[in-house]
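Here is how the chains run, residue by residue.
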Amino acid sequence: MSPPPPPLGRGRKRSGHTFDAALDDSELAAARTALSQGRWQTVRSLLARTGDDWDRRGHRVTVLAAEPYCAAWTRDWLLAEPDSGDAAVLLAHAQVRLALRGKEKPPRAREACRTAAARLPADPTPWLGLLMLESALGTEPEMWHCFAEIRARYADHHHAHHLVVARLAEQRTADGPLHAVYDFALDAAQRAPADSPLAVLPVVAHTERFRVLAATGHEPRDAAASGHWTGRRARQVMRSAFDWWLEWEQEGHPRRLIDLNFLAHAKVCEGRGAEAAALFHRIGDHATPSPWSYPDRDPYSAFRAARDTALGTA
């Protein structure tokens, strides 16, 4: 599976390790395998069971859409069931993936997303596809429009908030307490319910800002040598997010392992080995390319080295 290029020119070295975007969702992994073999009926059943669990639906659709032959098999599904909203959403996301890889025209991907949105007006998932496209290729007003449409349908959409944070981190404004990415992340965390994983969003914002600053030479590329992780704001952000995680009881969130990778990475950069070790135990083998690749590293090597050091197995 070839993921799309990261938004806004985010540099990455190619890893020899294959990351599984399905994370620990075994049903999703099985459906993805079935789709690769042309058995779209398994995907239809999976999405029907997912219902309006919007974070899970978004996660499953984006992972399925990255399957290389997703667009072709989903068109077969639409031929069999022309009125299927789920098929329209999946095809739209597949076209977005292709557009991000330069293998589809962005206007066609946009039109597919809008067609899916018209079929399923209460579903934020078609707008998530548009947000993925506009956060990488569009203007900031276009991004905010898509984000507003998603929030109107599901205010705490996890993936959507992460996309906006990654885009805002690129803004060329002076780094400081008023940088837009910090304000956005803190506001979202404060507005979200007490059990929402958006509590970790300030850590994500701090990490995405490090990516940008290190890539542009404003911070050392070696996180251990960077003051980005040792300032007062950083300590407050890390402590509040880690304390929240210790009390969090919703272990079934579909994208929680992404948050745990961001939090473990932050604790490693902060030099808090014991806290990082607790997170690595929860992560297990479910590493994610971001943020271990920041600013331009082999993500799996960085993950393994950090994990081995924290667990004392280096």
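Only a predicted model underlies this, so the values are computations on that prediction, with no experimental measurement involved.

Asks: Talk me through the pattern of salt bridges; I want residue IDs and the actual numbers.
Replies: Pairing is possible between side chains of opposite charge, provided their charged atoms come close. Summed over the entire model, instances satisfying the criterion amount to 21 salt bridges. As a salt-bridge pair, R60 and E27 come within 3.4 Å of each other at their nearest N and O atoms. Taken as a pair, R60 in helix α3 (residues 54-65) and E27 in helix α1 (residues 26-36) lie far apart in primary sequence, 33 residues in all. Among the residues examined, R60 registers a relative accessible area of 5% and is labelled buried. The exposure class of E27 is partly exposed, given its relative accessible area of 39%. One salt bridge connects E275 with K267, and the closest N-O pair in it is separated by 2.7 Å. In this pair, the class of E275 matches that of K267, namely buried. Overlapping salt bridges, with partners in common, bring together R239, D243, K267, E270, R272 and E275 in one network.

Asks: How would you summarise the confidence of the model for the protein chain if you had to cite specific residues and measurements?
Replies: On average, the protein chain scores 91 in pLDDT, and the residues at 70 or more come to 92%. Note that residues 1-15 has pLDDT below 50 and, in this model, 41 contacts with residues that lie over four places away or in other chains.

Asks: Please provide a residue-by-residue account of the state of the cysteines, values included.
Replies: Throughout the structure, instances matching the rule amount to zero disulfides. Left unpaired, C146 is separated from the closest cysteine sulfur, that of C113, by 8.3 Å. C146 gets classed as buried once you look at its relative accessible area, which sits at 2%.

Asks: Which residues make up helix α14 (residues 273-283), and what values go with them?
Replies: Among all positions of α14, only E275, A276, A277, L279, F280 and I283 are buried. Looking at the buried side of α14, the elements it contacts are α12 (232-247), α13 (256-270), α15 (289-292) and α16 (299-311). Phi turns positive one or two residues past the end of α14, at G284, with a value near 60°.

Conventions and cut-offs
- Residues numbered from 1 in each chain as written.
- Predicted model: local features only at pLDDT ≥ 70, side-chain atom pairs only at ≥ 80, totals over all residues.
- Heavy atoms only, no water.
- Salt bridge = Lys/Arg side-chain N within 4 Å of Asp/Glu carboxyl O.
- Helix = DSSP H or I, 4+ residues; strand = E, 2+ residues; numbered from the N terminus.
- Buried < 20%, exposed > 50% of the residue type's maximum accessible area, 1.4 Å probe, protein only.
- pLDDT = per-residue confidence, 0-100.
- Contact = heavy atoms within 4.5 Å.
- Disulfide = S-S within 2.5 Å.

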